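# Close look at the chain arrangement
Residue strings, one per chain:
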Amino acid sequence: MSYRKRRGSRIRPYTFTGGRTRSRHPLMVQTLVSTADPSTDAPAKLMPESQRIYRLCRETRSVAEVSAELKIPLGVTQVLLSDLAELGLVYIHPTITGNSPSENQVLERALRGLERLFQ
Amino acid sequence: MVSNDFSSDIPTKMSTKIVIAGGFGAGKTTLVGSVSEIPAVTTEAVMTEASVGHDDTSATPQKVTTTVAMDFGRITVDQQLILYMFGTPGQTRFWFMWDDLVRGAVGAVVVVDCRRLADSFEAVDYFETNRRIPYIVAMNRFDGRLEYTADQIREALEVSASVPIVDFDARDRSSGGTVLKTLLRYALSNSPVAAPVG
Ligand SMILES: Nc1nc2c(ncn2[C@@H]2O[C@H](COP(=O)(O)OP(=O)(O)OP(=O)(O)O)[C@@H](O)[C@H]2O)c(=O)[nH]1
Ligand SMILES: [Mg+2]
């Protein structure tokens, strides 16, 4: 996964992934996350924000949804989720980008789904 | 009991993303909302902006914090696949946000308000210049008025010959769905069919 060069802009984000995402799985706004073991409580040592994320992710949702539901800015959400994933507490689901031929069948499924939903 | 190997006990769900871009007020949020199964959600990203000139209102004069809102919607395609639509912020000074949103997207829709063509030029130019992801142009016919043909739009906005241009009504669910289908078909026809990497 290559990171595109940013356009020359005088505004620089300190949020978003900003190089801190060490996880091997890309953690994009659309990436789904879920608590690895929904039956356990959040470890007490976690920061309160991380505990809230842990609990919310008992049901699978996207990074953007976690951010919106907990009102935590996107970049912060990404960093906290990345740390939770490093600890093995949160599972990061595959994100389909269409960059490899092997993903085509997923995109075809998406198209068939849309054809069914929007007739 | 519970296993740490969660890849085996969590049914694999996956997601994918389409970017809804376009000029200020072109109908991006309206399109996201009309095709989404949930009301369009707004989320915020906070960023620093290097202040230019003498900004003495801040304790740290080098930097100003800016909050950028973007909205998104969701379509559950099937039990395992969720498609998200992300609307870009309208103001072009937030280009870097576009980069973050575009990264990993299967494609983009540039929504064009046909009454204000010039406002869409930068958005089209972004995708023509970067060419990272397939995009299509969707002309939002406000109140049923469409003052230009697709060919005229293509010429005015310098849209490549291969890029589909469709017209639609951003408020209409079925019309919005057709736009998404057009994009996916185009992305699939354009996809890397085992082409050598490089
Ligand atoms: N009459 C009519 N109004 C529309 C249509 N599409 C959008 N609008 C209205 O136009 C205005 C702008 O639409 P939005 O969907 O908010 O546009 P946007 O591109 O998200 O705007 P920004 O995020 O501010 O750049 C809103 O008041 C919409 O209700 C349309 O097809 N017909
Ligand atoms: Mg909007």
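Residues numbered from 1 in each chain as written. Chains lettered and ligands numbered in written order. Predicted model: local features only at pLDDT ≥ 70, side-chain atom pairs only at ≥ 80, totals over all residues. Heavy atoms only, no water.

## As for the overall build of chain B
What chain B contains, in helices and strands, is six helices and seven strands. Tracing chain B from N to C terminus, the helices and strands come up as α-β-α-β-β-β-α-β-α-β-α-β-α. Relative to its full complement of 198 residues, chain B shows a buried share of 53%. Here the analysis covers contacts within chain B between residues at least 6 apart in sequence; of these, 70% occur between residues at least 24 apart. Carbon together with sulfur atoms contributes 51% to the accessible area of chain B, which is approximately 9,000 Å² in total. (Helix = DSSP H or I, 4+ residues; strand = E, 2+ residues; numbered from the N terminus. Buried < 20%, exposed > 50% of the residue type's maximum accessible area, 1.4 Å probe, protein only. Contact = heavy atoms within 4.5 Å. Areas by Shrake-Rupley, 256 points an atom, 1.4 Å probe, with all protein chains shown as cover.)

## Describing the packing of aromatic side chains
Residue and element names in this part refer to chain B. Throughout the structure, instances matching the rule amount to seven aromatic pairs over all chains. Note on Phe127 and Tyr135: the rings are 5.6 Å apart at their centroids and 25° apart in plane angle, and the pair reads as stacked. Taking the relative accessible area as the measure of exposure, Phe127 reaches 3% and is therefore buried. The ring centre of Phe142 lies 3.9 Å from the NZ or CZ of Arg115, which sits over that ring. (Phe/Tyr/Trp six-rings, centres within 6.5 Å; stacked < 30°, edge-to-face > 60°. Lys NZ or Arg CZ within 6 Å of the ring centre and 35° of its normal.)

## Details of the site of ligand 1
Residues and elements named next belong to chain B. Around ligand 1, the structure places 15 residues, and the nearest of them are Gly25, Lys28, Thr29, Thr30 and Asp143. Note that an oxygen atom of ligand 1 is positioned 3.0 Å from one of the backbone N or O atoms of Gly27. Separating an oxygen atom of ligand 1 from a side-chain N or O atom of Thr29 is a distance of 2.7 Å. Here the shell around ligand 1 gets three residues from one element, more than from any other, and that element is helix H2 (residues 28–35). Classifying every residue of the shell around ligand 1 gives four nonpolar, seven polar and four charged. (Near = heavy atom within 4 Å. Polar contact = N/O pair within 3.5 Å; in protein donor to acceptor, adjacent residues only side chain to side chain. Nonpolar A, V, L, I, M, F, W, Y, C, P; charged D, E, K, R; others polar.)

## Notes on the sheet that holds strand S3 (residues 61–62) of chain A
Residues and elements named next belong to chain A. A sheet is described by the order of its strands in space; here three strands give the open sequence S3-S2-S4, paired in antiparallel fashion. Where the open sheet ends on each side, the last strands, each with one partner, are S3 and strand S4 (90–92). Pairing of strand S2 (residues 32–35) with S3 involves two bridges; the strand directions are antiparallel. If you follow Val33 over to S3, its bridge partner there is Arg61. (Pairing = 2+ DSSP bridges.)

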